[in-house]
Amino acid sequence: MPKTLLNPPSPKGLRASQASQILPKLFVLLPCYNEEEVLPKTYEVLSKKLGALMERGSIAADSRMVFVDDGSKDRTWAVLKSLVAHAESSANDLDSRAGDKLESSPSSLLPPPH
């Protein structure tokens, strides 16, 4: 069974309740399968991007990255948990939080093979 981890980047200057009322809430879905080597960089890049979008007022402050570990054989889940340990995070199913838009990207940030 896939494990799901939600990670909230730290919004600056916006209260989540205010931003959600006027801005779209974005969930970036990142399916992970044996991705332990690329996750730290992926997390860093996407955290900065989401933070910048929040600061610009393009997305709601309660937008999230959603990492889904689909039965990895490596340390993917352990790496994910350690990456979000410093942020307010919780392990919830995606459907427990409604979003306005859902984007999907491989956690390696590479396009899928053709």
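Structure's up top.
Bear in mind that the values here come from a model prediction, so they are computed numbers and not experimental data.

**Quick look at the overall build of the chain**
Across its full length, the chain holds three helices and four strands. Beginning at the N terminus, the succession of helices and strands in the chain can be written as β-α-β-α-β-α-β. The proportion of buried residues among the 114 residues of the chain is 39%. Split by element, the accessible area of the chain, about 6900 Å² in all, is 54% carbon and sulfur.

**So, the side chain of Ser-63**
For Ser-63, the location among the structural elements is in the loop between helix 2 (39-56) and strand 3 (64-69). Taking relative accessible area as the criterion, Ser-63 reaches 0% and is therefore assigned buried. A polar side-chain atom of Ser-63 sits 2.9 Å from the main-chain carbonyl oxygen of Ala-60.

**Brief notes about the environment of Thr-76**
When you line up the elements, Thr-76 lands in helix 3 (residues 76-84). According to the relative accessible area criterion, Thr-76 is buried, its value standing at 0%. Linking Thr-76 and Val-38, residues 38 residues apart in sequence, is a C-alpha distance of 9.4 Å.

**Looking at the pattern of salt bridges**
The tally for this structure, following the rule as stated, stands at two salt bridges. Notably, a salt bridge pairs Lys-25 with Asp-62, separated by 3.6 Å at the nearest N-O pair. Linking Lys-25 in the loop between helix 1 (16-22) and strand 2 (26-32) with Asp-62 in the loop between helix 2 and strand 3, this pair joins segments that are 37 residues apart in sequence. Judged on exposure class, the residue Lys-25 and its partner Asp-62 are both buried. We note a salt bridge from Lys-48 to Glu-44, for which the minimum N-O separation is 3.2 Å. With Lys-48 and Glu-44 both in helix 2 and four residues apart, the pair spans about one turn of that helix. By relative accessible area, which is 56% here, Lys-48 ends up exposed.

What counts, and where the lines are drawn
- Residues numbered from 1 in each chain as written.
- Predicted model: local features only at pLDDT ≥ 70, side-chain atom pairs only at ≥ 80, totals over all residues.
- Heavy atoms only, no water.
- Helix = DSSP H or I, 4+ residues; strand = E, 2+ residues; numbered from the N terminus.
- Buried < 20%, exposed > 50% of the residue type's maximum accessible area, 1.4 Å probe, protein only.
- Areas by Shrake-Rupley, 256 points an atom, 1.4 Å probe, with all protein chains shown as cover.
- Polar contact = N/O pair within 3.5 Å; in protein donor to acceptor, adjacent residues only side chain to side chain.
- Salt bridge = Lys/Arg side-chain N within 4 Å of Asp/Glu carboxyl O.

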